Amino acid sequence: MIDRLASLYPQHLATVRERADKALALTGHDHLLIAAGLPPRKFLDDQDYPFVASPHFRHWLPLTDAPGSWIVHTPGQRPRLVFLQPRDYWHVVPEAPSGYWVEHFDIAVVRTVEEAVAQLPGAQTRRAVIAPDQPALAGIEAGHPQDVLDILHWHRSYKTPYELALMREASRIGARAHRAAEQAFRAGASELGIHQAYLAAAGAIDAELPYASIVALNQHGAVLHYTHFDHVAPDYHRSFLIDAGANACGYASDITRTYAGRGEDQFQSLIDSVEAAQLSFAAKVRAGQSYPELHIHAHHVLAGVLREHGFIRMEPESAVATGVTAAFFPHGLGHPIGLQVHDVAGFQQGERGGSIPRPAGHPYLRMTRTLEPGMVVTIEPGLYFIDMLLAELRERPVAKDIDWERVELFKPYGGIRIEDDVACTGGEPENLTRDAFAQA
Ligand code: GLY
Ligand code: MN
Ligand code: MN
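Residues numbered from 1 in each chain as written. Chains lettered and ligands numbered in written order. Predicted model: local features only at pLDDT ≥ 70, side-chain atom pairs only at ≥ 80, totals over all residues. Heavy atoms only, no water.

A. Summary view of the overall build of the protein. On a plain count of helices and strands, the protein comes out with 13 helices and 17 strands. Taken against the 2.2 N^0.38 rule, which gives 22 Å for 440 residues, the C-alpha radius of gyration of the protein at 23 Å falls within 12% of a compact globule. Dimensions of the protein, computed from C-alpha atoms along their principal axes, come out at roughly 70 × 45 × 45 Å. By residue count, 56% of the 440 residues in the protein fall in the buried class. When contacts within the protein are restricted to residue pairs at least 6 apart in sequence, those whose partners lie at least 24 apart make up 71%. Accessible surface, the protein: about 18800 Å² in total, of which carbon and sulfur atoms supply 53%. (Helix = DSSP H or I, 4+ residues; strand = E, 2+ residues; numbered from the N terminus. Rg over C-alpha atoms; globule rule 2.2 N^0.38 Å. Buried < 20%, exposed > 50% of the residue type's maximum accessible area, 1.4 Å probe, protein only. Contact = heavy atoms within 4.5 Å. Areas by Shrake-Rupley, 256 points an atom, 1.4 Å probe, with all protein chains shown as cover.)

B. A look at the coordination of the manganese ion (ligand 3). Bound to the manganese ion (ligand 3) are the protein donor atoms Asp 243 (OD), Asp 243 (OD), Asp 254 (OD) and Glu 419 (OE), situated 2.1 to 2.4 Å from the metal. Given 6 donor atoms and angles of 57 to 169 degrees at the metal, the environment of the manganese ion (ligand 3) is assigned as irregular. In this structure, the manganese ion (ligand 3) lies 3.3 Å from the manganese ion (ligand 2), and both are coordinated by Asp 254. Linking Asp 243 in strand E7 (residues 239-244) with Glu 419 in the loop between strand E15 (415-417) and strand E16 (420-423), this pair joins segments that are 176 residues apart in sequence. (Donors = N, O, S within 2.8 Å, 3.2 Å for Na, K, Ca; no water. Tetrahedral: all angles 85-135°; square planar, octahedral: opposite > 155°, others 65-115°.)

C. Structural view of the packing of helix H1 (residues 2-27) against helix H4 (residues 146-156). At their nearest, the axes of H1 and H4 sit 9 Å apart, and the two run at 150 degrees to each other. Judged on the interaxial angle alone, H4 and H1 are roughly antiparallel. For the crossing formed where H1 meets H4, the hand is right-handed. Listed contacts from H4 to Arg 19, Ala 20, Lys 22, Ala 23, Leu 26 and Thr 27 of H1 are Asp 147, Val 148, Ile 151, Leu 152, His 155 and Arg 156. Of the residues in the contact of H1 with H4, the class split is 6 nonpolar, 2 polar and 4 charged. (Axes fitted to C-alpha atoms, helices over the stretch in contact; angles between N-to-C directions. Parallel < 35°, antiparallel > 145°, perpendicular 65-115°, else oblique. Left-handed = near helix turned anticlockwise from the far one by under 90°. Nonpolar A, V, L, I, M, F, W, Y, C, P; charged D, E, K, R; others polar.)

By themselves, these are just geometric observations and shouldn't be taken as functional.
Laid out in structure tokens, this is it:
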């Protein structure tokens, strides 16, 4: 793996440099300064929240534990890393840089945040700063010049072979951990116990995951962002929804699976239908496919699933048009993924910015672009039995075409979501998640 990354990295860095050159040239800057950032301090406390290096910083090099460090890019020169290694006997100090990427940087090791800032091209230069708004960054202007960001974000949509290699690795770690979580569920563990099994198999602590895991037993699956962990196992394991990812050098995977408990054949049959639909959507991750059209298509297919399983009696077209499917599938089909789990530029119109609106009536869709080779998106349809949304639906005229007894029967299962990360190529899609499960 390391050898492969080492061989792919020079081309990745060359691409990142070219993109930065272009962003600087088009916006009238001479230097790009990228802060890793610092861990945010808790209010009125001497404790920090976990540190997460800025995605812009992680785009340049696989260094995720470098608070206070900076990258300086000046076109035509080797990139510089100003690396903060404090004199500190209270905390673990970041190790001296090592690895396949080091030879591509000029590295200056500094001991304080102030010394790091002193190494940067000064305020009198035409510098573009990408840094979080943190007073502790020694007075440097917090910056995100939008014109620079627009160009960099646009190009981040197109993953390099090096990035795809890391995203495959993040998927492999995630698939291995999902297998362990399923075993813990089958063994009757609590949500907390399942979560611990997941972390152990991923070899990670919570703060190292790309997002807060959702580990939901039974009706908890109906809470879309259920990030609570019951410490006590329920009496009966009827169903299990887990949405949990992994991190490889700052790249994310985002994976959801839903399982039925033993003997829960009706629920398993619904899972099978959602999975068949999900695979058919993943197969459409092809160059030229409009993502919002795929999202609307998903509503029609899921309406068919609801009808086939006896929840609704109306035609799929009318279930979509009247918002019935939106009550059972109330989120978007997916989103771009990469350095951030919900990656940038999902709505961006072009390199210089602009925004493509969501289709009317679909307020939670996070991706309105047309797919192109190099993009990676999630495909995550779901069907849920959410009290609040069903109560609203019950008050409407369409309620007469819904089998409420059947709906009630399924409420204790919570819901279903199945989520894969899929790369668009020039030909067949590459399903990073399915490939990873096949190897796990
Ligand atoms: N885990 C967050 C999401 O699926 O978008
Ligand atoms: Mn997702
Ligand atoms: Mn997810």
